[in-house]
Amino acid sequence: MTPFTSLQRLVVTVAILASFVTFLDGTVVTVALPAISRELGGGILTQQWVVDAYLITLSALILLAGSVSDAYGRVTVMRIGLISFGIASVAVALAPDPLVLIIARAAQGAAGALLVPSSLALITATMRGEVQSRAIGVWTAFTTAAQLVGPLMGGIFVDFLSWRFVFLINVLPIAVNLILLQRLRLPEHPRGIRVDWWSGALCALGLGALVFALIEQERFGWGSPAIWIPGAAGVALTALFLVRQMRSEAPLMPLSLFRVRNFGWGNLATLFVYAALSLNGFVIGVYLQQGAGLSATAAGLASLPITVLMILLSSRAGAWAGRLGPRLFMTAGPLLMAGGALLLLTVGSDFDYWWQVLPSVIVLGLGLSLTVAPLTSAILGAIDESRSGIASAVNNAVSRVAGLLVVALLSTIVGGALDLDGFHNAAWVTAALFALGGVVSWIGIRRNPVEAATADADASGSRAD
C-alpha cells in the first residue's frame, strides 16, 4: 500500500476539516430540535424548516459553487466559504426568534456550499487510482463521522449548556483549517471557465418553492393557493433549469456527465441511500427524545456505534473497492442497511435501547462503512480531473436534495405525528429507500477503467516480485 506524500496528507487534512463543519452542522441540529421548539415555538414546522433552510441553500448553490471552484481556484473558494460559515454560525447562535434562526441557517447552507465541492475536488485533482480511493475512504470516514457524532455533541451542549452553543462547535476546526490553507501550495489559477449565474438562481428558487409547498401543505392543504402556486412555480423553475442545462455552452450541471455510466447510476444510488440516511437520522434524533423520553445526550449517544464503525472500516472499504471494484460494496452495503432499518420495527411502547435500537445501529454502521467510500470513489473516479469540482458538486447536490425532499415530506411519511406508529412508518420507508439504492448499484455500477488498469498493474508488479 503506497503511503501518502506530505502534500497528499495535507490535502486530505484540509479536505476533511473543510467538509467536517458542513456535515457536522447538517446533523448536530437534530437532537437540538426539541429544545429549539420549546424555546422559540413553532412545533414540527419550525423543526422541519430549521433543517431544510440549511439544506435548500446548500443543495441549490452547491452546483454553482462547483463551477466557481473550478473557475477561480479551490483554495480561494474554500477560504471564503470557511470565513462565511463562521459568521453565519454566530448569527444562528444569537437568533432571537424562528424567522431569524431560519434565515441564518440558510446563510450557513450557502457558505457550506462553497466548502464541500472544493474540498473533495482537492483530493480528486491531486490523486488517482488506489491512492485516490484510499484518500476518499479516509475523507469519508471522518466527514461521515462528523455527521454521526454531531447528534452526540449536540446532545451534550443542549443538556449542559444551551442549544445555541451547538452552532459554535465548528469555530475551532474553521480556525485550524484557515491556518493549514496558508501552507497549501497548489498550481491553481483561473481556468477561463464561465459560471452560469442564471442557472444558479433558477435552481435555488425552484428548490425553495418546491420545499415550501411540501412542508407547508400539512398546514394549508394541497388545494390552497398558498401551496399549489409555489409548488407549480417550483416545478416550472426546475424544468427551466434543466432546459437551460441542455442548451447552455457552460452548464452549471452538465447533463453529459450522467452519460458516464458510473456517474449516472452512482448518483441515482446516492439519491436513495442519502434520502434514507437523512430520514433515519431525523426520526431517531427527535423520536428518542419526544417519544422514548431520552435526554438529548442519550439520544446523541444512540448513534455513536455507527461513528466508531465508520472510523474503523471506511478507509479499508475504500481501499478494497479500489482493488476489487465498487459494485459489490455498493450493493451489499445498502441492503445491509435496509435490514438494519427494519430492526427498528422492534421499538415498542416499553422502550429498551439495548435490544430495540442498538442492533439496528450496529447493522446500519456496518452497511454504511461498506457503502460510502466506494460510492464516492466510483462516481468521482469516473470523471476527468478537469471537471472534478463540478462532478463533486453534482454528487453532493444529489445527496443534499435527497435529504431535503425526504425531510420536507416528513409529515406525510409519519402520518402527521412522530409517535410510535409514525416511527414505524419511517422505518419501512427508510428500508425501502436503502434497498432501492442497493438494487440500482447492482444494475448500473461497473469498474472504472482507471481503477481497473491500476489494479492490473499492481497485480502484475506483485507477480513479477
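Use the structure listed above.
Here the structure is a predicted model, which means the values were calculated and not measured. (Residues numbered from 1 in each chain as written. Predicted model: local features only at pLDDT ≥ 70, side-chain atom pairs only at ≥ 80, totals over all residues. Heavy atoms only, no water.)

Student: Give a detailed account of helix α12 (residues 304-324), specifying residues and quantitative values.
Tutor: Relative to the 30 Å expected for 21 residues at 1.5 Å per residue, α12 spans 29 Å between its end C-alpha atoms, a close match to the ideal helical length. Largest kink in α12: about 40°, centred on leucine 313. Every buried residue belonging to α12 is among Ile306, Thr307, Leu309, Met310, Ser314, Ala317, Gly318, Ala319, Ala321 and Gly322, and all of these are buried. Phi turns positive, to about 95°, at glycine 325, one or two residues after α12. (Helix = DSSP H or I, 4+ residues; strand = E, 2+ residues; numbered from the N terminus. Expected span 1.5 Å × (residues − 1). Bend = angle between axes of the 7 residues up to and from the residue. Buried < 20%, exposed > 50% of the residue type's maximum accessible area, 1.4 Å probe, protein only.)

Student: Residue-level account of the side chain of serine 399, with values.
Tutor: You can see serine 399 is positioned in helix α16 (residues 388-408). Serine 399 sits in the buried class, given a relative accessible area of 4%. The contact partners of serine 399, leaving out residues within four places of it in the chain, are Thr270 and Tyr274. (Contact = heavy atoms within 4.5 Å.)

Student: Please set out the environment of asparagine 177 residue by residue, giving values where relevant.
Tutor: Examined against the element boundaries, asparagine 177 turns out to sit in helix α7 (residues 171-183). Given a relative accessible area of 0%, asparagine 177 falls into the buried group. Between the C-alpha atoms of asparagine 177 and leucine 17, which are 160 residues apart in sequence, the distance is 6.2 Å.

Student: Help me get a handle on the pattern of salt bridges, residues and values and all.
Tutor: Applying the stated rule across the entire model yields one salt bridge. Note that glutamate 39 and arginine 164 form a salt bridge whose closest N and O atoms lie 2.8 Å from each other. Remark: arginine 164 occurs in the loop between α6 (129-160) and α7 and glutamate 39 occurs in helix α2 (residues 33-40); sequence separation between them is 125 residues. Residue classification places glutamate 39 among the partly exposed residues on the basis of a relative accessible area of 45%. (Salt bridge = Lys/Arg side-chain N within 4 Å of Asp/Glu carboxyl O.)

Student: Can you lay out the nonpolar core for me, pointing to particular residues and giving the numbers?
Tutor: Ranked by size, the top nonpolar core spans 135 residues in total, and within it Ile36, Leu63, Met78, Leu101, Ile123, Trp163 and Phe434 carry the most contacts. With 16 residues, the top contributor of residues to this core is helix α3 (residues 43-72). In contact with isoleucine 36, other than residues within four places in its own chain, are Val29, Gly41, Val50, Leu101, Trp163 and Phe167. (Core = buried A, V, L, I, M, F, W, Y, C linked by side-chain atoms within 4.5 Å.)

Student: Go over the packing of aromatic side chains with me, naming the residues and quoting the values.
Tutor: Under the definition given, this model contains four aromatic pairs. The ring of tryptophan 442 carries the charged tip of arginine 327 above its face, separated from the ring centre by 3.7 Å. (Phe/Tyr/Trp six-rings, centres within 6.5 Å; stacked < 30°, edge-to-face > 60°. Lys NZ or Arg CZ within 6 Å of the ring centre and 35° of its normal.)

Student: Which residues make up helix α13 (residues 327-343), and what values go with them?
Tutor: Over its 17 residues, α13 extends 25 Å from the first C-alpha to the last, a length consistent with the 24 Å expected when each residue adds 1.5 Å. Those residues of α13 lying buried are Phe329, Met330, Thr331, Gly333, Pro334, Met337, Ala338, Gly340 and Ala341. Where α13 is buried, its residues touch α10 (261-290), α12, α15 (358-380) and α18 (420-444).

Student: Describe the environment of alanine 275, with residues and values.
Tutor: With respect to the helices and strands, the residue alanine 275 is situated in helix α10. Overall, the relative accessible area of 8% leaves alanine 275 in the buried class. Separated by 126 residues in the primary sequence, alanine 275 and valine 401 place their C-alpha atoms 8.2 Å from one another. Alanine 275 has contacts with Thr270, Ala402, Gly403, Val406 and Leu433, leaving out every residue within four places of it along the chain.

Student: Describe the packing of helix α4 (residues 74-93) against α7, with residues and values.
Tutor: Where α4 meets α7, the axes come as close as 10 Å, and the angle between the chain directions of the two elements is 160°. Looking at the two axes, α4 sits roughly antiparallel to α7. As α4 runs across α7, the sense of the crossing is left-handed. Contact residues: α4 offers Val75, Met78, Arg79, Leu82, Ile83, Phe85 and Gly86, while α7 offers Ile174, Asn177, Leu178, Leu181 and Gln182. Of the residues belonging to the contact of α4 with α7, the class tally is eight nonpolar, three polar and one charged. (Axes fitted to C-alpha atoms, helices over the stretch in contact; angles between N-to-C directions. Parallel < 35°, antiparallel > 145°, perpendicular 65-115°, else oblique. Left-handed = near helix turned anticlockwise from the far one by under 90°. Nonpolar A, V, L, I, M, F, W, Y, C, P; charged D, E, K, R; others polar.)

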